Amino acid sequence: MTIDMRMTRQLPASPEEVFDAYTDAEKQKIWFSILDEEPGIVEIDVDLRVGGKQTAVWGPSPDMLFRETQTFLEIERPRRLVTESVGSSPDGETMTTRIEITFEERDGGTLMTVVQSGFPTPEVRDFFAGEAWSGALDRVEAYLARERSRG
């Protein structure tokens, strides 16, 4: 049995804008830390093509870094993105999951749906649903709102 999670968020931008904010390395570097009071370490490299990789390293200090490498399996800009994610935490724990994200135009914005599967335990899944993804989507939303206000 695979353990998975699904969450959605309505975002204040077009599917193209949301897709690009989510996949562009320079935009990610901004939104990754947009809500932080103290800037941490954020390094991101993206090769956005099927078979390409996105590598992210982030954390509050050099000895507390999280790492994630996503391999792009399917890319249908700006509607769908499928990756295999291999992540590690500062304590050395690793996890491999599959992430499918859709970007659907809705109500003048974009409904972003994330389905992540392959969690090792329900507790890890719950952490990703309640903390990791909700925090990431809060940051993407803050970035998009800021870009809109500058527009």
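For the structure, see preceding data.
Basis of the calculations
- Residues numbered from 1 in each chain as written.
- Predicted model: local features only at pLDDT ≥ 70, side-chain atom pairs only at ≥ 80, totals over all residues.
- Heavy atoms only, no water.
- Phe/Tyr/Trp six-rings, centres within 6.5 Å; stacked < 30°, edge-to-face > 60°.
- Helix = DSSP H or I, 4+ residues; strand = E, 2+ residues; numbered from the N terminus.
- Pairing = 2+ DSSP bridges.

Enquirer: Just to check I follow, could you spell out the packing of aromatic side chains for this structure?
Expert: In this description, an aromatic ring pair is defined by two values, namely the gap between the centres and the angle between the planes. Enumeration over the complete set of coordinates arrives at eight aromatic pairs. A ring pair is formed by Tyr 22 and Trp 31, whose centres lie 6.4 Å apart and whose planes are at 15°; its orientation type is stacked. Ring centres 5.3 Å apart and planes at 65° place the aromatic pair Phe 32 and Trp 58 in the edge-to-face group. Separated by 26 residues along the polypeptide, Phe 32 in helix H2 (residues 25-32) and Trp 58 in strand S3 (residues 53-59) bring together distant segments of the chain.

Enquirer: In this structure, what is going on with the pairing of strand S4 (residues 66-76)? I would like to understand it.
Expert: Along any regular strand, the residues point their side chains to alternate faces of the sheet. Of the pairings in the sheet, the one linking S3 to S4 comprises six bridges and is antiparallel in character. Bridging across to S4, Trp 58 finds its partner in Phe 66. The hairpin formed by S3 and S4 contains six residues between the paired strands. For S4 and strand S5 (residues 80-88), the ladder comprises nine bridges, and the chain directions are antiparallel. Within S5, the residue paired with Thr 69 across the bridge is Val 86. Linking S4 back to S5 in an antiparallel pair, the connection comprises three residues.

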